[in-house]
Amino acid sequence: MTLHRYTYLILLFLLTALAGAEPLLPAEAVWKALRFDPRLDRDRALAEGAHAYKKGAGSQPNPTLQLSAVSGQSREGANFVSQTFEVAGQPWLRHRSAEEGARAADASMDETRRIVVKETARAYYDFWEAHSVFALHSRQLEFARQLESIAAKRLEIGEISHHEEFRVRQIATNAEIALAESEGELSVARQKLELLIGESV
């Protein structure tokens with residue numbers, strides 16, 4: 001994180017403290033994202049299924065003999081015996097394959113969790129940086145309008161020239177443009193964070 005980003009965040013927390021608001025904390029944002037993100041729900045379900053399969057992967061097939069017969073006059077194919085046989089070593093191979101599948105599912109879930117944490121942390125700081133920049137430009141525009149009003153009065157009494165008054169109005173115009181741009185960036189940053197944590201900020 002750059003020094004400028006730290007400065008923006010400090011300014012934001014000071015402004016929210018003065019306004020009596022409590023900003024969303026980074027750990028809280030990450031916690032909400034980990035609970036909400038559908039990618040983790042998908043990976044969690046896959047991991048649970050892989051571990052459930054692993055538990056029964058090494059067990060022997062049902063060894064019970066099954067005999068079926070038709071009472072009365074039997075017909076061809078009416079009687080049969082079924083038995084499942086396994087070649088030696090197959091249960092061990094199946095269990096090993098299931099273990100590898102379970103480990104792969106766990107690794108995939110851990111990787112997704114790291115991605116969610118990283119994305120949320122980035123979105124969190126981008127949002128609060130955009131929020132602090134928007135607040136700063138709002139103050140600058142307010143100050144520029146005050147100067148514009150003062151310049152208009154000074155122009156009326158001849159204290160400044162039209163050129164000087166125009167320069168002050170240009171400062172106010174630039175401040176309006178900067179505020180509009182920062183508002184757009186704030187809206188985009190807010191949407192990204194809200195999509196990750198599943199609620200409004």
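Small disclaimer: the values here were computed from a predicted structure and weren't measured.

Colleague: Just checking my understanding: could you explain the overall build of the chain for this structure?
Modeller: Each helix and strand in the chain was counted, giving five helices and two strands. Overall, the chain shows an N-to-C arrangement of helices and strands of α-α-α-β-β-α-α. Across the 201 residues in the chain, those meeting the buried criterion constitute 25%. Partitioning the intrachain contacts of the chain with sequence separation of at least 6 by distance along the chain shows that 75% fall at a separation of at least 24.

Colleague: Got a minute to help me understand the pattern of salt bridges in this structure?
Modeller: Should the charged atoms of two oppositely charged side chains come close, the side chains can pair. Following the criterion strictly, the structure yields 13 salt bridges and no others. Notably, a salt bridge pairs Arg39 with Asp37, separated by 2.8 Å at the nearest N-O pair. The class for Arg39 is partly exposed, based on a relative accessible area of 28%. Within the structure, one salt-bridge network assembled from shared partners comprises Glu28, Lys32 and Glu199.

Colleague: Hey, could you run me through the side chain of Thr120 in this one?
Modeller: Within the secondary structure, Thr120 sits in helix H4 (residues 90–156). If sequence neighbours within four positions are ignored, Thr120 has contacts with Ala29, Val30, Ala33, Leu193, Leu196 and Ile197.

Colleague: Just checking my understanding: could you explain the nonpolar core for this structure?
Modeller: Leu24, Ala29, Tyr124, Phe127, Trp128, Leu193 and Ile197 are the most contacted members of the largest nonpolar core, which totals 20 residues. Sorting the residues of this core by element identifies helix H2 (26–36), helix H3 (38–57), H4 and helix H5 (162–197) as the ones contributing at least two each. Here this core gets nine residues from one element, more than from any other, and that element is H4. Other than its neighbours up to four places away in sequence, Ala29 contacts Leu24, Thr120, Tyr124 and Ile197. Counting residues in hydrophobic clusters, the runner-up holds five residues, among them Ala144, Ala172, Ala175 and Leu179.

Colleague: Quick question: what am I supposed to make of the packing of aromatic side chains here?
Modeller: The way to describe two aromatic rings as a pair is by their centre distance and the angle between their planes. Scanning the entire structure with this criterion turns up three aromatic pairs. Ring geometry for Tyr124 versus Trp128: centroids 6.2 Å apart, planes at 65 degrees, classification edge-to-face. A residue pair is termed a helical-turn pair when its members lie 3 or 4 positions apart in one helix, as Tyr124 and Trp128 do in helix H4 at four residues. The burial state of Tyr124 is the same as that of Trp128; both residues are buried. Taken together, the aromatic side chains of Tyr124, Tyr125, Phe127 and Trp128 make up a single cluster linked through ring pairs.

Colleague: Is there a simple way to think about the packing of H2 against H5 in this case?
Modeller: Two packed helices can be described by the angle between their axes and the distance between those axes. H5 packs onto H2 with a crossing angle of 55 degrees between their chain directions and a minimal axis gap of 7 Å. Taken together, the axis directions place H2 and H5 in an arrangement best described as oblique. Judged by residue contacts, Ala29, Lys32, Ala33 and Phe36 of H2 engage Leu195, Leu196 and Ile197 from H5. Residues belonging to the contact of H2 with H5 are distributed by class as follows: six nonpolar, no polar and one charged.

Colleague: Help me understand H4 in this model?
Modeller: In an α-helix, one full turn covers 3.6 residues, which means residues spaced three or four apart are oriented alike. Under the 1.5 Å per step criterion, the end-to-end length of H4 is 98 Å for 67 residues, consistent within 8% with the ideal 99 Å. Directly after H4, the chain includes Gly158, whose backbone phi takes a positive value near 80 degrees.

The rules behind these values
Residues numbered from 1 in each chain as written. Predicted model: local features only at pLDDT ≥ 70, side-chain atom pairs only at ≥ 80, totals over all residues. Heavy atoms only, no water. Helix = DSSP H or I, 4+ residues; strand = E, 2+ residues; numbered from the N terminus. Buried < 20%, exposed > 50% of the residue type's maximum accessible area, 1.4 Å probe, protein only. Contact = heavy atoms within 4.5 Å. Salt bridge = Lys/Arg side-chain N within 4 Å of Asp/Glu carboxyl O. Core = buried A, V, L, I, M, F, W, Y, C linked by side-chain atoms within 4.5 Å. Phe/Tyr/Trp six-rings, centres within 6.5 Å; stacked < 30°, edge-to-face > 60°. Axes fitted to C-alpha atoms, helices over the stretch in contact; angles between N-to-C directions. Parallel < 35°, antiparallel > 145°, perpendicular 65-115°, else oblique. Nonpolar A, V, L, I, M, F, W, Y, C, P; charged D, E, K, R; others polar. Expected span 1.5 Å × (residues − 1).

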